[in-house]
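# Structural overview for review
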Amino acid sequence: MTVVAILALPRAYALDISIPAHVFGRHPGYRVLVCGDRRSGTAGGSGGGSADADVAADIRPAHPLSALEYADVVVIPGYEDPGAPVPENHLKALRLAVERGARVVAVCTGVFALAACGILSGKSATTHWRHTGQLRAMHPDIEVLNNRLFVEDGAILTSAGAGAGIDACLHVVQSDFGAVAADGVAKEVVFSSARDAEEPQYTDVVTPARDSLRATREWVLENLGSPITVQRMADHSLLSRRTLIRRFVRETGMPPMHWVARQRLLSARRLLETSDWSVERIAAAAGFGTAANFRTVFRRELGVTPTAYRKSHGTDGPAVTRPDGDVRSG
């Protein structure tokens, strides 16, 4: 069982603690612990707690900081006033977890705690759009990426606000247990399937609902096995090629064919996990054409062959049965 430790920092936002507890708690492969310095009372205050209703003033860690020593995944929630210092005992526990090889997910301003540890030096990261400038100014050794839902650099994943925190957690579930398991967890928490990391946090221009390309994207998903081109998508949406590309990038954060390639990979992963279809049949159904092309693209993008992926994530791999809903805190 994969142990997920949520680090309840002082001044932490309640929502940023409850989101990972809720998402990871939907899958039986995770044991979720909320950890902190129980001597200081609550996660939201230093002593008497905080008067800010958005801060987790009433969340009391059920496990000590030492529990991070055996965590496989450490989640750092966002907290108010990211420029304020983080207690050294929290930073020390975080450093030790990273040095031991734990994966880390920082939600929103939780990235500032990682930066204070020196863990992000030379790495790429993101945070809520309100704080990207502050992060860049305080830590010029970090490559801060603007307007990204989340950024994965090695074992470290940083995300934007609370909503993007759901996407980041679902991404971890998908990495651990496969796309079907992540779909099941998303359904349990009444959320769409995990959005792509490159999708924007926001758009500067609001797209009217009648101009949304959702219908065209759904059409693509229903026809992945057929040849898909930008022109076919433009024809379906009754737009010019140039207008389609502009709106598509605005809505999804990526060019049309880049998005199509991502959807084909995701479709192939689901088929490898849930069916006994041959590689050739999956290649055709997902739109890769030949099995050779499918194997090449799959290995380039995921680092493993389709057969190896099926062995680790298919019916003989880790369980993907939905849980009873209880958070396993030990």
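Residues numbered from 1 in each chain as written. Predicted model: local features only at pLDDT ≥ 70, side-chain atom pairs only at ≥ 80, totals over all residues. Heavy atoms only, no water.

### What about the overall build of the chain?
Note the threshold: Here a helix means four or more residues in a row that DSSP labels H or I, a strand means two or more in a row labelled E, and each is numbered from the N terminus. What makes two residues a contact is simply this: any of their non-hydrogen atoms within 4.5 Å. Using a 1.4 Å probe, accessible areas were evaluated by the Shrake-Rupley method; residue-level cover was limited to the displayed protein chains.
A tally of helices and strands in the chain yields 13 helices and 9 strands. The contacts in the chain between residues at least 6 apart in sequence include a share of 69% that link residues at least 24 apart. Surface summary for the chain: the accessible area is close to 15,100 Å², and the carbon and sulfur share equals 51%.

### What about the pairing of strand E8 (residues 150-153)?
Defined as follows: Pairing between strands is defined by DSSP: at least two bridges between them are needed.
Here E8 runs beside strand E9 (residues 156-159); their pairing, made up of 4 bridges, is antiparallel. Note that in E9 the partner of Asp153 across the bridge is Ile156. With antiparallel pairing between neighbouring strands as the criterion, E8 and E9 make up a hairpin whose turn holds 2 residues, including Gly154 at a positive phi of roughly 65 degrees.

### Notes on the packing of helix H10 (residues 256-274) against helix H13 (residues 306-313)
As a reminder, the rule being used: Geometry is summarised by axes, namely lines fitted to C-alpha atoms with helices restricted to the contacting stretch, and by angles between N-to-C directions that run from 0 to 180 degrees. Note that the term roughly parallel is reserved for angles under 35 degrees, roughly antiparallel for angles over 145, roughly perpendicular for angles of 65 to 115, and oblique for everything else. For any pair of crossing helices, the crossing counts as left-handed if the nearer helix is rotated counterclockwise from the farther one by less than a right angle, and right-handed if it is rotated clockwise. Ten residues, namely Ala, Val, Leu, Ile, Met, Phe, Trp, Tyr, Cys and Pro, are considered nonpolar, four, namely Asp, Glu, Lys and Arg, are considered charged, and the remaining ones, Gly among them, are considered polar.
Closest axis-to-axis distance for the H10/H13 pair is 8 Å, and the angle between their directions is 55 degrees. Here H10 lies oblique to H13, going by the angle between them. Pair H10 / H13 crosses with right-handed handedness. The segment H10 lies against H13, with Arg269, Leu271, Leu272 and Glu273 engaging Pro306, Tyr309, Arg310 and His313. Among the residues making up the contact of H10 with H13, the classes are represented as 4 nonpolar, 1 polar and 3 charged.

### Remarks on the pattern of salt bridges
Let me state the cut-off plainly: Any carboxyl oxygen of Asp or Glu within 4 Å of a side-chain nitrogen of Lys or Arg constitutes a salt bridge here.
Inspection of every chain in the model, using the stated rule, returns 8 salt bridges. Taking the shortest distance from any N to any O, the salt bridge between Arg103 and Asp176 comes out at 2.8 Å. With Arg103 in strand E5 (residues 103-106) and Asp176 in helix H5 (residues 162-177), the pair connects residues that are 73 residues apart, well separated along the chain. One salt bridge in this structure joins Lys123 and Asp153, with 3.9 Å as the shortest N-O distance. In this pair, Lys123 is assigned in the loop between helix H3 (111-116) and strand E6 (124-125) and Asp153 in strand E8, connecting sequence segments 30 residues apart.

### A word on the packing of aromatic side chains
The test is simple: Two aromatic rings, drawn from Phe, Tyr or Trp (for Trp, its six-membered ring), form a pair once their centres lie within 6.5 Å of each other, and the interplanar angle then sorts them: stacked below 30 degrees, edge-to-face above 60, tilted otherwise. Note on classification: 1.4 Å probe, protein chains only; a residue is buried when its accessible area is under 20% of the maximum for its type, exposed when over 50%, partly exposed between these limits.
Under the definition given, this model contains 6 aromatic pairs. Here the aromatic rings of Phe248 and Trp259 are separated by 5.5 Å at their centres, their planes lie at 70 degrees, and the arrangement is edge-to-face. Residue Phe248 is located in helix H9 (residues 241-252), and its partner Trp259 is located in helix H10; the two are separated by 11 residues in the primary sequence. Classification of Phe248 as buried rests on a relative accessible area of 0%. On the basis of an interplanar angle of 75 degrees and a centroid distance of 5.5 Å, the ring pair of Phe298 and Tyr309 is categorised as edge-to-face.

### Focus: the packing of H10 against helix H12 (residues 291-302)
Relative orientation of the contacting elements H10 and H12 amounts to 100 degrees, with a least axis distance of 11 Å. Put simply, H10 runs roughly perpendicular to H12. Of the residues in H12, those in contact with Leu265, Ala268, Arg269 and Leu272 of H10 are Phe294, Val297, Phe298, Glu301 and Leu302. Partitioned by chemical class, the residues of the contact of H10 with H12 number 7 nonpolar, no polar and 2 charged.

### Comments concerning the sheet that holds strand E4 (residues 73-76)
Pairing between sheet strands relies on hydrogen bonds along the backbone, with the strands arranged either parallel or antiparallel. Overall, mixed pairing links the 7 strands, which are arranged E3-E2-E1-E4-E5-E9-E8 in an open sheet. Either end of the sheet is taken by a strand with one partner, and the two such strands are strand E3 (63-64) and E8. In this sheet, strand E2 (residues 30-36) lies alongside strand E1 (residues 2-7) in parallel orientation, the contact comprising 6 bridges. Paired with Ala5 across the strands is Leu33, a residue of E2.

### With respect to the environment of Gly29
Mapped onto the elements, Gly29 comes out in the loop between helix H1 (14-24) and E2. As for Gly29 and Thr2, which are separated by 27 residues in sequence, their C-alpha atoms are 6.0 Å apart. Beyond its immediate stretch of four places on either side in the chain, Gly29 contacts Met1, Thr2 and Phe177.

### With respect to unusual backbone geometry
Even without being a glycine, Asp81 presents a positive backbone phi close to 55 degrees. Relative to the assigned elements, Asp81 resides in the loop between E4 and helix H2 (88-100). The phi dihedral of Cys108 is positive, around 55 degrees, even though this residue is not glycine. The topology assignment puts Cys108 in the loop between E5 and H3.

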